[in-house]
Structures are given as structure tokens and as C-alpha cells.
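# A look at the structure
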Amino acid sequence: MPAAAQHRRTRNTRLVRTLAAACTGAAVLALPLIGATGASAATTAAPAVATTPAGYPDNLDGWIRESLAIMAEKNIPGTYNGIHRNIIRESSGNPSAINLWDSNAAKGIPSKGLLQVIDPTFNAYHVAGTSFDIYDPVANITAACNYAADRYGSIDNVFGAY
């Protein structure tokens, strides 16, 4: 390309770019300081996490942990992994799950909740201090683990429908 056709930066253009970069950097450093002292400074609060009445997260992890705490008080054996494995197999973690097609359902007593417990079993193995609602995740887990402990020694020993 001929020399006459090449674009040359003028000294003024270079100076303007340098000043713009310096001012931008200064503004980036100053804005947090200015904004934090103003009356309109926004406060950012962590999003509220839903918890159970006992203070555990209101999700599968929290329900299992709360059940394990109750089970420890009542000397009911079981581990997080054993409970989690059985929940995933039985209900995929859905506390509202109900089985309307198996032999129990055909007799009018469908399996319900996270660990697919039937009403008579839930009532017989209900653990004091938990809800009497079979769909309550903590009550369902704890009663099912109490039943599994009585029948199989622990929920950890259950590897299929029980």
C-alpha cells in the first residue's frame, strides 16, 4: 500500500485516547466509594432460603438431615446415603408421590410420599415428634426408616421395594 494511503494517528488522537482510558479507570475506582456513601446506596441481601420448622433447608437434603437427627435421638439406624438411595428409587424425591397401580393400591391402600409407605405401616411406625401427615417428608422418611430398622435392621439394608 502506498505511504500516502496509510492512516496515521495524530498526536491529538493518541492523547485523547490516553486521557479517556485514565479517566475511565479513575471512575471505575471511585464509583464504588461514592455509591456506598450515598443515601440511595442499594443493600443486597442474600435470597431467603426456605427452611423447615426445625431450621433445615426445605428440600430433599434438609428433609433427610432432619430425619437423621430425629433418628439419632430415637436410636433408629440409617445413613444419609441409604435413605437417599431408597428415596430416589421409590419416588424420585417427590414428597407428593403416590402409587396407584401396585398390589397395595389394588387393595385400596396406595403407597405414598418419599419412601412410598402405606397408611397402616406409617401409623404403626410413626415416630413421636413428627407430623401425622404421611406426605410430610420428614415424617415419611422417619417412619419408613423405623419400619426398615424393625424389618431389615436398617434402611441401609433395603435395595428394592420393601
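Residues numbered from 1 in each chain as written. Predicted model: local features only at pLDDT ≥ 70, side-chain atom pairs only at ≥ 80, totals over all residues. Heavy atoms only, no water.

Looking at an unreviewed UniProt entry, one finds the protein chain named Transglycosylase SLT domain-containing protein and attributed to Streptomyces nogalater.

## Thoughts on the overall build of the protein chain
When helices and strands are tallied, the protein chain shows 6 helices and 2 strands. Element order for the protein chain, N to C, with α for helix and β for strand: α-α-α-β-α-β-α-α. Considering the protein chain as a whole, with its 162 residues, one finds that 31% of them fall into the buried category. Intrachain contacts of the protein chain at a sequence separation of at least 6 include 45% that bridge at least 24 residues. Accessible surface for the protein chain amounts to roughly 10400 Å². Of this, 58% is attributable to carbon and sulfur atoms. (Helix = DSSP H or I, 4+ residues; strand = E, 2+ residues; numbered from the N terminus. Buried < 20%, exposed > 50% of the residue type's maximum accessible area, 1.4 Å probe, protein only. Contact = heavy atoms within 4.5 Å. Areas by Shrake-Rupley, 256 points an atom, 1.4 Å probe, with all protein chains shown as cover.)

## What about the nonpolar core?
Soluble globular proteins tend to pack their nonpolar side chains together in the buried interior. Formed by 24 residues in total, the largest nonpolar core has its most connected members in Ile83, Ile87, Ile141 and Cys145. With 8 residues, helix α6 (residues 137–152) is the single largest residue contributor to this core. In contact with Ile141, not counting residues within four places along its chain, are Trp63, Ile64, Ser67, Ile83, Ile87, Leu114 and Leu115. (Core = buried A, V, L, I, M, F, W, Y, C linked by side-chain atoms within 4.5 Å.)

## Remarks on the layout of surface pockets
Here the largest pocket defines a volume of roughly 290 Å³. Taken together, 13 residues make up the lining of the largest pocket; nearest its centre are Glu90, Asn104, Ser111, Gln116 and Tyr162. Grouping the constituent residues of the lining of the largest pocket by class yields 6 nonpolar, 5 polar and 2 charged. (1 Å grid on protein atoms, 1.4 Å probe; cavity = no way out; pocket = protein on both sides within 12 Å on 5 of 7 lines; lining within 4 Å. Points joined across faces, edges and corners; volume = space filled by probe spheres on them. Nonpolar A, V, L, I, M, F, W, Y, C, P; charged D, E, K, R; others polar.)

## Some remarks on the environment of Ser154
Looking at the element boundaries, Ser154 is found in the segment after α6. Each C-alpha atom of the pair Ser154 and Pro77 lies 5.5 Å from the other, and the pair is 77 residues apart in sequence. When near neighbours in sequence (up to four residues on either side) are disregarded, Ser154 contacts Pro77, Gly78, Ala148 and Ala149.

## Section: the pattern of salt bridges
Within this structure, the stated rule accounts for 3 salt bridges. Arg89 serves as the salt-bridge partner of Glu90, at 3.1 Å between the closest nitrogen and oxygen. For Arg89, a relative accessible area of 34% puts it in the partly exposed group. (Salt bridge = Lys/Arg side-chain N within 4 Å of Asp/Glu carboxyl O.)

## As for unusual backbone geometry
Unusually for a residue other than glycine, Ser92 sits at a positive phi of about 60°. Considering the arrangement of structural elements, one finds Ser92 in the loop between α3 (80–91) and β1 (98–99). According to the relative accessible area criterion, Ser92 is exposed, its value standing at 62%. One non-glycine residue, Gln116, lies in the positive phi region at around 50°. Residue position: Gln116 is located in the loop between β2 (111–112) and α5 (119–125). Owing to a relative accessible area of 12%, Gln116 belongs among the buried residues under this scheme.

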